[in-house]
Amino acid sequence: MNQPQDASAIMLKILIVDDSPTQLYSLRKIVEQGGHQAVTVESGEEALEIAADEHPNVILMDIDMPGMSGYQAKRRLGKTNETCHIPVIFVSTKSGEADRSWGLRLGATEYITKPVNPTALLTAISEAIAA
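Just so you know, these numbers come straight off a predicted model, no measurement behind them.

A. Inspection of helix H2 (residues 44–54) at higher detail. Regarding H2, the residues found buried are Gly44, Ala47, Leu48, Ala51 and Ala52. For H2, the buried positions fall inside an angular range of 120° around the axis, keeping them on one side. Residues Glu49 and Asp53 are exposed on H2 and point more than 90 degrees away from its buried face. Those residues of H2 hidden inside the fold are in contact with strand S1 (13–17), strand S2 (37–41), strand S3 (58–61) and helix H3 (70–77). Histidine 55 sits one or two residues past H2 and shows a positive phi near 50°.

B. Spatial organisation of the pairing of S3. Of the two faces of S3, both are covered, the one formed by Val58 and Leu60 as well as the one formed by Ile59 and Met61. As defined by bridge partners, S1 adjoins S3 across 4 bridges and the pair is classed as parallel. Counted as the bridge partner of isoleucine 14 is valine 58 from S3. As paired elements, S3 and strand S4 (residues 88–92) share 3 bridges and run parallel to each other. Each bridged residue has a counterpart across the sheet, and for leucine 60 the counterpart in S4 is isoleucine 89. Assessed by its sense of winding, the connection that carries the chain from S3 through H3 to S4 is right-handed.

C. Quick look at the packing of H2 against H3. In contact at an axis separation of 9 Å, H2 and H3 are set at 25° when each is read in the N-to-C sense. Taken together, H2 and H3 sit at an angle that is classed as roughly parallel. Note that H2 runs across H3; the crossing there is right-handed. The residues of H3 that touch H2, namely those facing Gly44, Leu48 and Ala51, are Ala73, Arg76 and Leu77. Of the residues belonging to the contact of H2 with H3, the class tally is 4 nonpolar, 1 polar and 1 charged.

What counts and what doesn't
Going along each chain's sequence as written, the residues are numbered from 1 onward. The predicted origin of the model limits local features to residues at a pLDDT of at least 70 and limits the giving and counting of side-chain atom pairs to 80 or more, whereas totals for whole chains, interfaces and linings rest on all residues. As a rule here, side-chain values cover all heavy atoms of the structure and leave hydrogens and water aside. Categorising residues by exposure relies on relative accessible area from a 1.4 Å probe, with only protein chains included: less than 20% of the type maximum marks a residue as buried, more than 50% marks it as exposed, and the intermediate range marks it as partly exposed. Numbering of helices and strands runs from the N terminus, with a helix taken as a DSSP run of H or I at least four residues long and a strand as a DSSP run of E at least two residues long. Directions from the helix axis toward the C-beta atoms define the arc. Here, two residues are considered to be in contact whenever any of their heavy atoms come within 4.5 Å of each other. We call two strands paired when DSSP finds no fewer than two bridges between them. With the strands aimed away from the viewer, a crossover counts as right-handed if its path from the first strand over the helix to the second runs clockwise. Fitted lines through C-alpha atoms serve as axes, helices being fitted only where they are in contact, and the angles separating the N-to-C directions of these axes extend from 0 to 180 degrees. Here the angle decides the label: under 35 degrees means roughly parallel, over 145 means roughly antiparallel, 65 to 115 means roughly perpendicular, and every other value means oblique. Handedness of each helix crossing follows the sense of rotation of the near helix against the far helix: counterclockwise by less than a right angle gives left-handed, clockwise gives right-handed. Each residue is assigned to one class: nonpolar for Ala, Val, Leu, Ile, Met, Phe, Trp, Tyr, Cys and Pro, charged for Asp, Glu, Lys and Arg, and polar for all the others, Gly among them.

Structure follows, in structure tokens:
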């Protein structure tokens, strides 16, 4: 009889999208300490390409980025069969309830504000995979 695996015990591929090198470093460190593989990009456009090519298990997406915002990237990800199934967790400095509501309405599985609590982020990743 097969037992369901705990997502926290599985190495996942996590795509991290943020235009800040400091945030990319910080989020990569959390993800890797959680036992997962991190792939980082600095724009929404790059996120669309990598998501289609590498099929990450989860995407951590900033909202405020030059060019394509995280909201726009999430909408585009949701429109293609290759990427519509990938859970997106918004990770943003935008802490207003309207921002959170809008992110979740766009289909994000979670909305986490910066500075990121590592335990909350890893829990959100596990829950996104389990959903």
